[in-house]
Amino acid sequence: MSIMVACTLLKNVFNCLVSDCCIAYCSALVSFRSASDHELALTQACLQENPKSYSTWHHRKWIVLKGLADLHSQLKLVDSALSLDGRNFHAWNYRQFVVKLLGVDSESELAYSSTLIAADFSNYSAWHYRTMLLPRLYNEDITTVSLDDLMALSHHQQRQEQSLQGGTAEIATEQAKQQLCTTTSSAPASRATGAFTGSASQQRPIPLHVLDQEYDMVHQMAAGQQPGTSAASTAASTAT
């Protein structure tokens with residue numbers, strides 16, 4: 001057999017192998033996508049039946065962490081759930097989970113909460129969300145968590161659980177202590193000046209003018225006014 005014939009034969013065999021691999025890969029990809037679409041449809045159907053199902057929202061998070069769902073579409077799901085019940089804390093928790101992955105800034109989320117508060121002044125879930133957002137907005141070291149980071153954390157937790165089940169609880173405990181000491185020592189000290197609100201770990205106080213704005217917002221909402229409007233303008237519009 002000549003070298004040319006041998007090379008031609010090898011080339012044909014290689015092309016067949018590549019073609020078979022591509023077909024197998026595409027088939028697996030289609031099956032994978034079909035399975036993920038099924039899981040998304042299943043959880044959405046369950047949420048339509050029971051929008052406050054702990055297990056369904058938890059499974060939905062698992063789907064997202066596996067990279068099987070579009071994050072922006074998850075916000076639409078939250079909007080749909082909150083349109084039915086603006087105080088559904090499952091939906092609010094899921095929104096926090098998604099916006100952290102997307103890196104949505106706190107100002108945008110404050111505006112979102114304002115919209116829901118304007119629609120329902122008694123929406124205590126939206127008010128509570130603001131108490132969480134304000135310290136984040138005025139924190140000096142604002143960080144976002146990527147999907148890869150969360151997946152890596154999930155794998156790390158699984159390895160820790162496996163090590164605990166394997167009888168190495170003391171080693172895992174010592175590692176956790178060392179990590180806690182490292183995190184504590186690397187955290188900057190909080191300044192003792194200013195009016196602090198929020199958690200004890202907050203690094204910078206919320207400016208007083210912002211607190212005044214929030215205070216005015218509460219009073220305006222309680223009086224039936226839209227934020228940013230004066231009592232005189234509200235009375236004039238009522239009279240007309």
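Parameters at a glance
Within each chain, residues carry numbers counting from 1 in the order of the written sequence. Confidence filtering applies because this is a predicted model: local features only for residues at pLDDT of at least 70, side-chain atom pairs given and counted only at 80 or more, and all residues used for totals across whole chains, interfaces and linings. The side-chain numbers reported here are obtained from all heavy atoms of the structure, hydrogens and water having been left aside. Note on conventions: DSSP H or I runs of at least 4 residues are helices, E runs of at least 2 residues are strands, and numbering of each starts at the N terminus. To estimate how far a helix should reach, multiply one less than its number of residues by 1.5 Å. Think of it in three bands: residues with accessible area under 20% of the maximum for their type are buried, residues over 50% are exposed, and the middle band is partly exposed, with areas taken using a 1.4 Å probe on protein chains only. What the arc describes is the spread of directions from the helix axis to the C-beta atoms. The criterion used for residue contact is that any of the two residues' heavy atoms lie within 4.5 Å. Under this definition, polar contacts are N or O atom pairs within 3.5 Å; protein pairs additionally need one hydrogen-donor-capable and one acceptor-capable atom, and for neighbouring residues in sequence, both atoms have to be side-chain atoms. For this analysis, a ring pair means two rings from Phe, Tyr or Trp (six-membered ring only for Trp) whose centres lie within 6.5 Å, classed as stacked if their planes differ by under 30 degrees, edge-to-face if by over 60, and tilted for the remaining angles. Either the NZ atom of lysine or the CZ atom of arginine qualifies as a charge over a ring when it sits within 6 Å of the ring centre and within 35 degrees of the ring normal. Of the grid points, spaced at 1 Å and generated over the protein atoms alone, those admitting a 1.4 Å probe that cannot get out make up cavities, while open sets with protein on both sides within 12 Å along at least five of seven lines make up pockets; any residue with an atom within 4 Å of a point is treated as lining. Grid points are joined across faces, edges and corners, and a volume is the space filled by probe spheres set on the points. Amino acids outside the nonpolar list (Ala, Val, Leu, Ile, Met, Phe, Trp, Tyr, Cys, Pro) and the charged list (Asp, Glu, Lys, Arg) are all regarded as polar, and Gly is one of them. pLDDT expresses, on a scale from 0 to 100, how confident the predictor is about each individual residue.

Draft legend 1. Here's a closer look at helix α5 (residues 106-119). For α5, spanning 14 residues, the distance from its first C-alpha to its last is 20 Å, which sits close to the expected 20 Å at 1.5 Å a residue. Where α5 is concerned, the buried positions are Ser106, Glu109, Leu110, Tyr112, Ser113, Leu116 and Ile117. Buried residues along α5 cover an arc of 160° about the axis, so they all sit on one side. Among the exposed residues of α5, those oriented more than 90 degrees off its buried face are Glu107, Thr115 and Ala119. On its buried side, α5 packs onto α3 (71-84), α4 (89-102), α6 (124-137) and α9 (208-222). Two or three places before glutamate 107, at the start of α5, stands the capping residue aspartate 105, its side-chain oxygen 3.2 Å from that residue's backbone nitrogen.

Draft legend 2. The packing of aromatic side chains, seen in detail. Per the counting criterion, the structure on display carries six aromatic pairs. Ring geometry for tyrosine 54 against phenylalanine 89: centres 6.2 Å apart, planes inclined by 65°, an arrangement best described as edge-to-face. Note that tyrosine 54 is positioned in helix α2 (residues 54-65) and phenylalanine 89 in helix α4, a separation of 35 residues in sequence. On the basis of an interplanar angle of 55° and a centroid distance of 5.2 Å, the ring pair of tryptophan 92 and tyrosine 129 is categorised as tilted. With a gap of 37 residues between them, tryptophan 92 in helix α4 and tyrosine 129 in helix α6 connect regions that are remote in the sequence. We classify tryptophan 92 as buried; its relative accessible area is 3%. Through a chain of ring-to-ring contacts, the aromatic side chains of Trp57, Tyr94 and Phe97 assemble into a single cluster. If you follow lysine 61 out to its NZ or CZ, it ends over the ring of phenylalanine 97, 5.4 Å from the centre. Over the ring of tyrosine 112 we find arginine 95, and its NZ or CZ is 3.5 Å from the ring centre.

Draft legend 3. Spotlight on the layout of surface pockets. Here the second largest pocket is characterised by a volume of approximately 280 Å³. When contributions to the lining of the second largest pocket are tallied by element, the ones reaching two or more residues are α2 and α7 (147-165). A total of six residues in the lining of the second largest pocket trace back to one element, the largest contributor, which is α7. Of the residues that constitute the lining of the second largest pocket, the class distribution is three nonpolar, five polar and three charged.

Draft legend 4. Representation of the confidence of the model for the protein chain in the model. Overall, the predicted model of the protein chain reaches an average pLDDT of 74, with 57% of residues at or above 70. The secondary-structure element of the protein chain with the lowest mean pLDDT is helix α10 (residues 231-239), recorded at 46, while α4 shows the highest, at 96. Low confidence marks residues 187-202, where pLDDT is under 50. Its contacts with residues over four positions away, or in another chain, come to 25 contacts.

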